[in-house]
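Coordinate analysis (summary)
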Amino acid sequence: MGGRNKILNVYSEIGKLKTVLLHRPGRELENLVPDYLERLLFDDIPYLDLARREHDNFAEILRGNGVEVLYLEDLSAEAITEPEVRNNFIQDFLEEGNVVGIGTKEVLKDYFDKFSNKELIDKLMAGVRKDEIPKLINKSLVDITDTKYPFVLDPMPNLYFTRDPFATIGSGITLNRMKTHVRNRETIFAKYIFENHPRFRDADIPIWFNRKETFSLEGGDILVLNPKVIAVGISARTDAAAIEKFAEKILYSNQSFETVLAFDIPKKRAFMHLDTVFTMVDYDKFTIHPEVEGNLTVYSITKSMRFFGELSIEKEELPLEEILLKYLDMDKITLIRCAGGNAIDAAREQWNDGSNTLAIAPGEVIVYARNYVTNKLLEEHGIKTHVMSCSELSRGRGGPRCMSMPLIRENL
């Protein structure tokens, strides 16, 4: 596999997980209020204390299985130790945080001066309430006239879903363009980490997609099936044009990937990313939500045989099992349907990410406790399950895979 830098290494969904990036939920969850849930892409308000305990349980399961756990908030703080980098980071954050008043920006910069690097990162993630900063009065016409909105800088409650802002693929990353403005700031943390953190800055990490692109690509839609095949969802959050751009970059790189399979899935909240309806749990086994099977179209993308730099795109006419057999070179493929395909149980468990598993080794996954019907089916198919508590974390509409970004997996 060409181009490996030993800092990042993900050539499968199921290789033994060695290093993973998480974000422990912070005060951003306490800045969720009913009037602005839709704006911030939430359906409910998790209770922070219990959400943290559940997340700590998640991290302990990982550590207990030999996984190095890194935290987004820690790496971000360690990436901005140089004063110039810290200042640039704040400036970028305010620009993309839609802080438009010049006076407001200056007041916020003064406010941030008192924070250590770790405190600054926590505060930017949590958001800034207007009542925190009395000096804001009469500093910006925008803030004076918009008296009802309580924040001068929005909270970032989606950050505990570290899967989405960037994705590790091979020895490089996609630094993603998020579908919604409210989430695009999340990619700033990854940008500064990979450019400035001592662990990554000298590693010459290839970028397969840039956050400044026009079309959106999110990490929950990207599954590295094996060293030759990547699956990407055309979804409510990822555009077909972005997949083309990504495919061209990675297929013509020095990596081992030969095919991108584009899964065109229904565009709805319950199926927001490919990994909410389809994940890999073993060499030849996948979870899937039964509702997407009949509405699924798959396109194969490969390098053109005629013109260098161009792509060949074909609509696959076979059923999903046969498509996977064809491209993964397997004798058999097993699709484990969420809740066994039962209409009521599958819909309920899908709402709580029954199909969203995190593989930590071949045939070994972390799952949410509340999806007990699907979990039993996984065990009946020989899959070892590590069951985690989730009553609060699941309110964010994301499962164990959504909450984790693998940085290093062992090669199969």
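Data block above holds the structure.
Computed from a predicted model, the values in this text were never measured in an experiment.

1. Thoughts on the overall build of the protein
- Within the protein, the secondary structure is distributed over 13 helices and 19 strands.
- A compact globule built from 412 residues would reach a C-alpha radius of gyration of about 22 Å, and the protein, at 21 Å, matches this within 12%.
- Dimensions of the protein along its principal axes, counting C-alpha atoms only, are 70 × 50 × 40 Å.
- Taken over 412 residues, the protein has a buried fraction of 59%.
- The long-range share in the protein, meaning contacts at least 24 apart out of those at least 6 apart in sequence, stands at 72%.
- Split by element, the accessible area of the protein, about 16,800 Å² in all, is 49% carbon and sulfur.
- The protein carries 53 positive and 64 negative side-chain charges, and their two centres are separated by 2 Å.

2. Focus on the sheet that holds strand 19 (residues 405–409)
- With mixed pairing, the 3 strands of this open sheet are ordered in space as 2-1-19. The open sheet has two edge strands with one neighbour each: strand 2 (68–71) and strand 19. Pairs of neighbouring strands in the sheet enclose a mean axial angle of 20°, with direction left out of account.
- Pairing geometry for strand 1 (residues 17–22) and strand 19, over 4 bridges, is antiparallel. By the bridge assignment for strand 19, Val20 is matched with Pro406.
- Lying on the sheet, helix 2 (residues 72–79) is in contact with strand 1 and strand 2; it crosses strand 2 at an angle near 60°.

3. Brief notes about the pattern of salt bridges
- Taken as a whole and judged by the stated rule, the model has 32 salt bridges.
- Asp44 serves as the salt-bridge partner of Arg395, at 2.6 Å between the closest nitrogen and oxygen. Separated by 351 residues along the polypeptide, Arg395 in the loop between strand 18 (384–388) and strand 19 and Asp44 in the loop between strand 1 and helix 1 (48–64) bring together distant segments of the chain.
- The closest approach of N and O atoms between Arg395 and Glu392, which form a salt bridge, is 3.0 Å.
- The network of salt bridges with shared partners includes Glu13, Asp275 and Arg401.

4. With respect to the packing of helix 3 (residues 83–96) against helix 8 (residues 186–196)
- Contact geometry of helix 3 with helix 8 gives a least axis separation of 11 Å together with a crossing angle of 160°. It follows from the interaxial angle that helix 3 and helix 8 lie roughly antiparallel. Crossing hand, helix 3 versus helix 8: right-handed. Across the interface between the two elements, Val85, Asn88, Phe89, Asp92, Phe93 and Glu96 from helix 3 touch Ile188, Phe189, Lys191, Tyr192 and Asn196 from helix 8.
- Residue composition of the contact of helix 3 with helix 8, by class: 6 nonpolar, 2 polar and 3 charged.

5. Things to note about the pairing of strand 8 (residues 222–226)
- Across the 5 residues that make up strand 8, a large majority, 5, are buried.
- Where strand 8 lies against strand 9 (residues 229–234), 4 bridges are found, and the strand directions are antiparallel. Residue pairing in the sheet places Ile222 in a bridge with Val232 of strand 9.
- Between strand 8 and the antiparallel strand that follows it, strand 9, lie 2 residues.

6. Quick look at the packing of aromatic side chains
- Under the definition given, this model contains 16 aromatic pairs.
- Between Phe112 and Phe115, the ring centres sit 6.5 Å apart and the planes meet at 40°, which makes this aromatic pair tilted.
- Between the aromatic rings of Phe278 and Phe286, the centroid separation amounts to 5.0 Å while the plane-to-plane angle is 10°, which identifies the pairing as stacked. Both residues of the pair, Phe278 and Phe286, count as buried.
- What links up through ring pairs into an aromatic cluster is the set Phe89, Phe93, Phe189 and Tyr192.
- Note that Lys191 overlies the ring of Tyr192, its terminal NZ or CZ placed 4.7 Å from the centroid.
- Lying across the ring of Tyr252, Lys303 places its NZ or CZ 5.4 Å from the centre.

7. Focus on the state of the cysteines
- This model, assessed by the stated rule, comprises 0 disulfides.
- Here Cys390 is not cross-linked by a disulfide; its sulfur's nearest cysteine counterpart is in Cys402, at 13 Å.
- With relative accessibility at 4%, the residue Cys402 sits in the buried group.

8. A look at the nonpolar core
- Ranked by internal contacts, the top residues of the largest apolar core, which has 66 residues, are Phe112, Ile169 and Phe246.
- The residues touching Ile169, leaving out its near neighbours within four places in the chain, are Val10, Thr174, Trp208, Ile222, Val224, Ile230, Phe246, Ile250, Gln255 and Phe257.

9. Some words on unusual backbone geometry
- Of note in this structure, Leu41 is not a glycine but carries a positive phi near 70°.
- The residue Leu41 is located in the loop between strand 1 and helix 1 in this model.
- One non-glycine residue, Arg397, lies in positive phi territory at about 65°.
- As for its position among the elements, Arg397 is in the loop between strand 18 and strand 19.
- You can call Arg397 buried: its relative accessible area is 10%.

10. Quick notes on the environment of Ser12
- Of note, Ser12 is situated in the segment before strand 1.
- Put simply, Ser12 and Asn226 are 214 residues apart on the chain and 4.5 Å apart in space, counted from C-alpha to C-alpha.
- Sequence-distant contacts of Ser12, defined by excluding residues within four places in its chain, comprise Val224, Leu225, Asn226, Arg409 and Leu412.
- Within the structure, the side chain of Ser12 is placed 2.8 Å from the backbone nitrogen of Gly15, a separation counted as a polar contact.

Rules used in this analysis
- Residues numbered from 1 in each chain as written.
- Predicted model: local features only at pLDDT ≥ 70, side-chain atom pairs only at ≥ 80, totals over all residues.
- Heavy atoms only, no water.
- Helix = DSSP H or I, 4+ residues; strand = E, 2+ residues; numbered from the N terminus.
- Rg over C-alpha atoms; globule rule 2.2 N^0.38 Å.
- Buried < 20%, exposed > 50% of the residue type's maximum accessible area, 1.4 Å probe, protein only.
- Contact = heavy atoms within 4.5 Å.
- Areas by Shrake-Rupley, 256 points an atom, 1.4 Å probe, with all protein chains shown as cover.
- Lys, Arg positive; Asp, Glu negative; His and termini not counted.
- Charge placed at Lys NZ, Arg CZ, Asp CG, Glu CD.
- Pairing = 2+ DSSP bridges.
- Axes fitted to C-alpha atoms, helices over the stretch in contact; angles between N-to-C directions.
- Salt bridge = Lys/Arg side-chain N within 4 Å of Asp/Glu carboxyl O.
- Parallel < 35°, antiparallel > 145°, perpendicular 65-115°, else oblique.
- Left-handed = near helix turned anticlockwise from the far one by under 90°.
- Nonpolar A, V, L, I, M, F, W, Y, C, P; charged D, E, K, R; others polar.
- Phe/Tyr/Trp six-rings, centres within 6.5 Å; stacked < 30°, edge-to-face > 60°.
- Lys NZ or Arg CZ within 6 Å of the ring centre and 35° of its normal.
- Disulfide = S-S within 2.5 Å.
- Core = buried A, V, L, I, M, F, W, Y, C linked by side-chain atoms within 4.5 Å.
- Polar contact = N/O pair within 3.5 Å; in protein donor to acceptor, adjacent residues only side chain to side chain.

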